[in-house]
Amino acid sequence: MPLIRLDKFISERTEYTRSQIKQLAAKGQISLNGRTEKKTDVKIDPEKDSVSVSGREVSGDRFKYILLNKPQGYVSSTEENDGPSVLQLIPAELRSKGMFPAGRLDKDTTGALLITDDGELAHKMLSPKSHIPKIYIVKLDRPYENKYVDIFKKGIKLADGDTCLPARVRGVENSDKLALIELHEGKYHQVKRMFAAAGNHVQKLMRISLGGLILPEKLGLGESMELLHKDVENLFKQPPEDPFLADFSDFFSAILINN
Ligand code: URA
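Residues numbered from 1 in each chain as written. Predicted model: local features only at pLDDT ≥ 70, side-chain atom pairs only at ≥ 80, totals over all residues. Heavy atoms only, no water.

Caption draft 1: The pairing of strand E13 (residues 202-210), seen in detail. The element E13 is largely enclosed, with a buried count of eight among its nine residues. Where strand E9 (residues 110-116) meets E13, two bridges bridge the pair, whose relative direction is parallel. The residue of E13 that forms the bridge with Thr110 is Met206. Two elements, strand E10 (residues 134-140) and E13, share seven bridges in a ladder whose sense is antiparallel. (Buried < 20%, exposed > 50% of the residue type's maximum accessible area, 1.4 Å probe, protein only. Helix = DSSP H or I, 4+ residues; strand = E, 2+ residues; numbered from the N terminus. Pairing = 2+ DSSP bridges.)

Caption draft 2: The pattern of salt bridges, seen in detail. Throughout the structure, instances matching the rule amount to 13 salt bridges. Here Lys48 and Asp45 are joined by a salt bridge, their closest N and O atoms 3.8 Å apart. What makes Lys48 exposed here is its relative accessible area of 69%. Classification of Asp45 by relative accessible area gives buried; the value is 12%. (Salt bridge = Lys/Arg side-chain N within 4 Å of Asp/Glu carboxyl O.)

Caption draft 3: The domain arrangement of the chain, seen in detail. Structurally, the chain comprises domain 1 (4-58) and domain 2 (65-258). Just the C-alpha atoms count here: the centres of domain 1 and domain 2 sit 35 Å apart. Of the roughly 430 Å² buried at the junction of domain 1 and domain 2 (both faces included), carbon and sulfur atoms supply 42%. Looking at the side of domain 1 facing domain 2, the largest losses of area belong to Glu12, Arg13 and Glu15, adding up to 81% of the total buried there. For the interface between domain 1 and domain 2, the tally reads zero salt bridges. For the pair domain 1 and domain 2, the number of links is zero residue pairs in polar contact (both at pLDDT 80 or more). Of the residues contributing to the side of domain 1 that touches domain 2, the split by class is no nonpolar, two polar and three charged. (Domains from an automatic or database assignment. Buried area = accessible area lost by both parts, 1.4 Å probe. Polar contact = N/O pair within 3.5 Å; in protein donor to acceptor, adjacent residues only side chain to side chain. Nonpolar A, V, L, I, M, F, W, Y, C, P; charged D, E, K, R; others polar.)

Caption draft 4: Just the pairing of strand E11 (residues 168-172), in detail. Bridge count for E11 against strand E12 (residues 175-183) is five bridges, and the pairing is antiparallel. Bridge pairing in E12 links Val169 to Ile181. Connecting the antiparallel pair E11 and E12 is a turn made up of two residues, with Asn174 showing a positive phi of about 60°.

Caption draft 5: Spatial organisation of the nonpolar core. Ile115, Phe152, Ile181, Val191, Met194 and Phe195 are the most contacted members of the largest nonpolar core, which has 31 residues in total. When contributions to this core are tallied by element, the ones reaching two or more residues are strand E7 (65-70), E9, E10, helix H4 (147-154), E12, helix H5 (190-197) and E13. Among all residues touching Val191, those that are not within four sequence positions of it are Tyr136, Val138, Ile181, Leu183, Val202 and Leu205. Judged by nonpolar contacts, the second largest core, of 27 residues, contains Leu67, Leu180, Ile208 and Leu215. (Core = buried A, V, L, I, M, F, W, Y, C linked by side-chain atoms within 4.5 Å. Contact = heavy atoms within 4.5 Å.)

Caption draft 6: Here's a closer look at the site of the ligand. Close to the ligand lie Leu105, Asp106, Thr109, Tyr136, His189, Gln190, Val191, Lys192 and Leu205. A distance of 2.7 Å separates a nitrogen atom of the ligand from a polar side-chain atom of Asp106. A distance of 2.9 Å is found between an oxygen atom of the ligand and a side-chain nitrogen or oxygen belonging to Thr109. Coverage of the ligand by the protein chains reaches 95% of its 240 Å² of free accessible surface. Residues that form the shell around the ligand fall into these classes: four nonpolar, three polar and two charged. (Near = heavy atom within 4 Å. Areas by Shrake-Rupley, 256 points an atom, 1.4 Å probe, with all protein chains shown as cover.)

Caption draft 7: Structural context of the sheet that holds strand E6 (residues 56-58). Read from one edge of the open sheet, four strands run E3-E2-E5-E6, paired in antiparallel fashion. Strands with a single pairing partner mark the edges of an open sheet, and in this sheet they are strand E3 (35-36) and E6. Inspection of the sheet shows strand E5 (residues 51-53) paired to E6 by three bridges, in the antiparallel sense. Across the sheet, Ser52 pairs through a bridge with Glu57, a residue of E6. Sitting on the sheet, helix H1 (residues 6-13) is in contact with strand E2 (30-32), E5 and E6, with an inclination near 65° to E5. (Axes fitted to C-alpha atoms, helices over the stretch in contact; angles between N-to-C directions.)

As structure tokens, then:
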């Protein structure tokens, strides 16, 4: 593992800026392997050294976390049974042994997919108890209807009798066939089956957020980026502004319509 500067290590994993880190170090609030460290430009080994800020340990680099903007035609699996695996899209320098997609998007679904080698985090994220919200933008066959709001809020019953947790849905401005839907669980083909149960049909589907992590606009379809520790923590945090009400639908609507 290459050595990196102490201030870089901390700033990539916490909310502190480099100048705040300098101030904290001057006050003796930063420790390296149990000893107060006042120099923020010392080089450390993220795998071996232990760093604390104000008594809180900053965790190292044991695992890799990649956010992929999945294009259509790839399967969310490490195997290639039904098409090429999403892992093929990850550039070699970002890949590590034992990586797998944490969760599934259908072969024809696009958007945010986390790829990691951290089994514990994947388990935490996918556990039915975690209820991490996931927002999708949907292109429907028939116009969006306001009645879906109540139907989905009550927990819609799917064709096989399974009932979904309450979900939020809303139409997208300037488009009668686009909608945003927010789920807190991940049943098989859930969005498609929910709209089918409500009498519509999903033509195209893209996931635009996972918890507090929103697909960055700069990440094109098929592209991936390594996440910093603080981005990974955001998965489990409620963002300050409700992303379901955010006005990013224009950007994602264009991607959904044009791909
Ligand atoms: N719901 C679906 O129907 N498909 C997906 O890929 C994800 C959620």
